[in-house]
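Chains, contacts and geometry: an overview
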Amino acid sequence: GQQVMQIPQYQHVQEGEDFTTYCNSSTTLSNIQWYKQRPGGHPVFLIQLVKSGEVKKQKRLTFQFGEAKKNSSLHITATQTTDVGTYFCAPTSGTYKYIFGTGTRLKVLA
Amino acid sequence: EAGVAQSPRYKIIEKRQSVAFWCNPISGHATLYWYQQILGQGPKLLIQFQNNGVVDDSQLPKDRFSAERLKGVDSTLKIQPAKLEDSAVYLCASSSLGVAGEQYFGPGTRLTVT
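Keep in mind the model is a prediction, meaning the values are calculated, not measured.

**Considerations on the overall build of chain A**
For chain A, the count of helices and strands is zero helices and ten strands. In terms of overall size, chain A behaves like a compact globule, its C-alpha atoms giving a radius of gyration of 13 Å where 110 residues would be expected to give roughly 13 Å. Taken along the three principal axes of its C-alpha coordinates, chain A extends 40 × 30 × 20 Å. Counting over 110 residues, chain A shows a buried share of 47%. Residue pairs in contact within chain A that sit at least 24 positions apart in sequence constitute 55% of those at least 6 positions apart. About 5,400 Å² of surface is accessible on chain A, with carbon and sulfur atoms providing 50% of the total. Charged side chains of chain A number 12 positive and 6 negative; the gap between the two group centres comes to 10 Å.

In structure tokens:
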């Protein structure tokens, strides 16, 4: 099946460091959603990006949609232990819908 | 607002047995999804319903998996017969806006096939 690649696959950071995960697609996307899944939990919606070059912020989280609408990033400033979990992108395009990315597992060391 | 409800939360069965999962979406949500999440992977869509009609079941292994959504509310997902590779968490999600809407996930059912 189709896969949407996210990098990195794993990231360990010291508390207070920044973190970024990238989501890359080979096709132009209609929109992209981001979800967070805590260990043992279920995915929780974070944000949806629709416009080319769109940037949205939620407190310490910054989400960006690429100008060509083929990639997206999630940046966390000054990570906290509550940020631990796996971050998934879920892009939508004419080719596929509801394909979740491979995920980036974040571990924050106190 | 009550969230998406799923039951059971855990199920252990032997291969070749059958199993059924139940989902009750958020009230008023027309779109319901079933996902399979294998450990260490992202959720994989199995089937999407819009009200009580199937929108997409292209990744549902129809020789063993079936799903229905009677009256456009609750849904059941069945596996018969189960295989070892079906061990996974089965997540139900619902949304109010179809492809444009954020999805609200239930807690999932963890299935272990021995």
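We are not done yet, so read on.
**Some remarks on unusual backbone geometry**
The step from serine 7 of chain B to proline 8 of chain B runs through a cis peptide bond, and the omega angle for that step is -10 degrees. Following the sequence through the fold, proline 8 of chain B ends up in the loop between strand S1 (5-7) and strand S2 (10-13). With an omega of -5 degrees, the peptide bond running from glutamine 80 of chain B to proline 81 of chain B counts as cis. Structurally, proline 81 of chain B can be placed in the loop between strand S8 (75-79) and strand S9 (88-95). At alanine 78 of chain A, a residue that is not glycine, the phi angle is positive and equals roughly 50 degrees.

**Concerning the layout of surface pockets**
Space inside the largest pocket adds up to approximately 640 Å³. Gln37 and Gly40 of chain A together with Gln37, Leu39 and Gly40 of chain B are, among the 34 residues lining the largest pocket, the residues nearest its centre. Counting residues per element, the ones that place at least two in the lining of the largest pocket are strand S9 (85-92) and strand S10 (104-109) of chain A together with S9 and strand S11 (109-113) of chain B.

The rules behind these values
- Residues numbered from 1 in each chain as written.
- Chains lettered and ligands numbered in written order.
- Predicted model: local features only at pLDDT ≥ 70, side-chain atom pairs only at ≥ 80, totals over all residues.
- Heavy atoms only, no water.
- Helix = DSSP H or I, 4+ residues; strand = E, 2+ residues; numbered from the N terminus.
- Rg over C-alpha atoms; globule rule 2.2 N^0.38 Å.
- Buried < 20%, exposed > 50% of the residue type's maximum accessible area, 1.4 Å probe, protein only.
- Contact = heavy atoms within 4.5 Å.
- Areas by Shrake-Rupley, 256 points an atom, 1.4 Å probe, with all protein chains shown as cover.
- Lys, Arg positive; Asp, Glu negative; His and termini not counted.
- Charge placed at Lys NZ, Arg CZ, Asp CG, Glu CD.
- 1 Å grid on protein atoms, 1.4 Å probe; cavity = no way out; pocket = protein on both sides within 12 Å on 5 of 7 lines; lining within 4 Å.
- Points joined across faces, edges and corners; volume = space filled by probe spheres on them.

Purely geometric stuff here, so don't read any function into it on its own.
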